Every structure is written in C-alpha cells, then in structure tokens.
Amino acid sequence: MGNAALLATEAEHKQIEPVSEPAVIRLDHVHKVYHMGDVDVHALRGISLTVRKGEFIAIMGASGSGKSTMMNLIGCLDRPTRGTYILDGQDVSGLSKDDRADIRNRKIGFVFQGFNLLSRTSAMENVELPMLYAGLTATERHKRSTEALTRVGLAGRESSHPNQLSGGQQQRVAIARALVNQPAIILADEPTGNLDSRTAVEVMEIFQRLNREQGITLVLVTHEHDIAEYAKRVVVFKDGKINQDYPITEQRDAAEELKLLPEITDDDDD
Ligand code: ADP
Ligand code: MG
C-alpha cells in the first residue's frame, strides 16, 4: 500500500471513530460496605464504570445485586467506602452530607418507581420544588416549570393535583421535576414498575426523546428486558460486581411502537 493510500485509510478510520463525549460519571474500583451491628454487608465489590454525556444506560441484575446501592452513590445520597467517584469532572467521593446535597440538587434529577410527588400540591408546584431549593426567583421558577411540563406533554395540567392525574401523568410530572434544574444526569429507579404496559411505553418515549433530542444522560434501573431495550447500553450486576456491559444494537423505538398500540380510551382528556 502506498503512503497516500495509507493516509487515506487512516483519515477514513478517524472519521468513523466515535468522538468521545466527556465522562459524566466515572466510578473507579468502588466498594460499599454497610455495617449492620457486628455484620458487614459488602454490597459493592469493586465497581468501575464510565458513563459519557448523552448515554442511555439500563442497569439490570437480581434483587440484592447492588443496583440501588450504586444508584444511591451516583446520586450522591451516599458515598463509597472505598474507591473514587468523579461526577461531571468533580471528585465527590469524600464530600460531606451538606456538600453532597448541594451537588445533588444541581447535577442530578431523580425519578422513582412510586413517583414521590407531594399529594396536596399542584403539578406546577411539584415541578418548582427543586428550583426553590436552588434559590431561583418565582418568575424563573414559573417559566421553567411551565416549559418542563410542556416538554413531557402536560401543558394545560399545571394546576392538577396528583390524585387528579393518571399514573403515567404523575410519572411525567416527576420527569418534569427531574428536568428543571438542567441536571447532568437523570437517574430513574424502576420508573415503569408501577405502570401498565402502554403507559410504560409512553414514559420510555419521553426518556428516549429527552436523550435523543436534548442529549440528556440517563441511567435507569429495570427488571424488565423489554424496558432495557429502549436504552443504548445494558450493565448487568451480579453479587456487587458488574457481570456484563454491552451495547443494545437494535434499540427499540417507543414513539414508533406507540403509533401501533391501541389507544386506551378513558376519561383522560389529553
Ligand atoms: P438491589 O437494588 O440490586 O436489589 P441493593 O443495592 O438494594 O440491591 O442491596 C445490595 C445488598 O446490600 C443487599 O444484600 C442488601 O441487603 C444490602 N443493603 C442495601 N441497603 C442496605 C442498608 N441501608 N443497610 C444494610 N444493608 C443494605
Ligand atoms: Mg433496588
């Protein structure tokens, strides 16, 4: 092969190599030991994981394998016993509780299985809550909250209370709440666990749209393979370690599937 040809192939090779996005999460040999009286529970046994900006990861694994422990660490709700955690370029492994709370409010959006909305409070006020802690003005809170509710398809439902909304709508309020502080990552622990199958696809459609259109980084725990296939990468836990880590080659497309799923006719007016 002549030099010119060699250069050409190198150039082509460079082009197809994916440009590396910055790491949002970098866990390096992370261990977590819970001390229960005289007993030590070794919940994480050396986890190393890098998640780059714009990734969409599904975490799977048997009950007790360490998934929630890792989500708690990633979400700065807890800190590792050993090892380091770099969140968005900052080493947060040794931060105090107050400093972690501050980082958490700025960098992380949470979505839970049980929605965790305040029941006596409107959709709008639920979404405004994280901004209240962040000290934004009422006008800014109102504006961002309205925008976030629109992004999840709930324009017009701002004043509804959780008990006036379906499960899927409540989860969408929770997603809007997770979005408002423009976090570096959204963490979702079994977000479709309490939803019927069509509603689960609707929620996955929102996650896929946020990921594709706005490059939001998502880490989602699920027990269901069907749900994991909406992600781009699957990480499987076993006995406190990462047992498998593979890309989803044929990502399911929730928006396409919704077109084919029959509408459920009920008193929802959206
Ligand atoms: P998963 O979410 O995969 O079901 P967890 O991370 O909840 O797994 O649990 C991993 C292990 O750590 C289990 O043995 C569990 O009993 C233990 N564990 C989890 N949280 C605590 C805690 N707060 N105190 C003591 N042990 C815990
Ligand atoms: Mg769990």
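Treat the numbers as computed from the prediction; the structure is a model and nothing was measured. (Residues numbered from 1 in each chain as written. Chains lettered and ligands numbered in written order. Predicted model: local features only at pLDDT ≥ 70, side-chain atom pairs only at ≥ 80, totals over all residues.)

Caption draft 1: Quick look at the packing of helix H4 (residues 123-133) against helix H6 (residues 167-179). H6 packs onto H4 with a crossing angle of 30° between their chain directions and a minimal axis gap of 7 Å. Taken as axis vectors, H4 and H6 run roughly parallel relative to one another. Where H4 crosses over H6, the two elements pack in a sense that is right-handed. For the pair H4 and H6, contact is made by Ala123, Asn126, Val127, Leu129 and Pro130 and by Val173, Ala176 and Arg177, respectively. Its residues placed into classes, the contact of H4 with H6 shows 6 nonpolar, 1 polar and 1 charged. (Axes fitted to C-alpha atoms, helices over the stretch in contact; angles between N-to-C directions. Helix = DSSP H or I, 4+ residues; strand = E, 2+ residues; numbered from the N terminus. Parallel < 35°, antiparallel > 145°, perpendicular 65-115°, else oblique. Left-handed = near helix turned anticlockwise from the far one by under 90°. Contact = placed C-beta atoms within 7 Å. Nonpolar A, V, L, I, M, F, W, Y, C, P; charged D, E, K, R; others polar.)

Caption draft 2: How the structure looks around the nonpolar core. Ranked by size, the top nonpolar core spans 65 residues in total, and within it Ile57, Ile59, Ala176, Leu218, Val219 and Leu220 carry the most contacts. It is helix H7 (residues 197-214) that contributes the most residues to this core, 7 residues altogether. Excluding anything up to four places from it in sequence, Leu218 contacts Phe56, Ile57, Ile186, Ala188, Phe207 and Asn211. (Core = buried A, V, L, I, M, F, W, Y, C linked by C-beta atoms within 7 Å. Buried ≥ 20, exposed ≤ 12 C-beta atoms within 10 Å, placed from the backbone.)

Caption draft 3: Expanded view of the sheet that holds strand E2 (residues 39-52). On the basis of which strands lie adjacent, the open sheet formed by 4 strands has the order E2-E1-E4-E5 and antiparallel pairing. The open sheet terminates on both sides in strands that have one partner only, identified here as E2 and strand E5 (90-91). (Pairing = 2+ DSSP bridges.)

Caption draft 4: Structural view of the site of ligand 1. By nearness alone, every residue bordering ligand 1 is listed as Tyr34, Met36, Val41, Ala43, Gly61, Ser63, Gly64, Ser65, Gly66, Lys67, Ser68 and Thr69. At the level of secondary structure, the elements contributing two or more residues to the shell around ligand 1 comprise strand E1 (23-36), E2 and helix H2 (67-74). When residues in the shell around ligand 1 are grouped by element, the largest group, 3 residues, is from H2. Looking at the shell around ligand 1 residue by residue, the class counts come to 4 nonpolar, 7 polar and 1 charged. (Near = placed C-beta within 6 Å.)

Caption draft 5: Quick peek at helix H5 (residues 138-151). Along its 14 residues, H5 runs 20 Å from first to last C-alpha, staying within 8% of the 20 Å computed at 1.5 Å per residue. Among all positions in H5, only Arg141, Arg144, Ser145, Ala148 and Leu149 are buried. Buried residues of H5 fall within an arc of 135° about the axis and therefore sit on the same side. Among the structural elements, H4 and H6 are those in contact with the buried residues of H5. Among the residues trailing H5, Gly153 stands out with phi positive, at a value near 80°. (Expected span 1.5 Å × (residues − 1). Arc of directions from axis to C-beta.)

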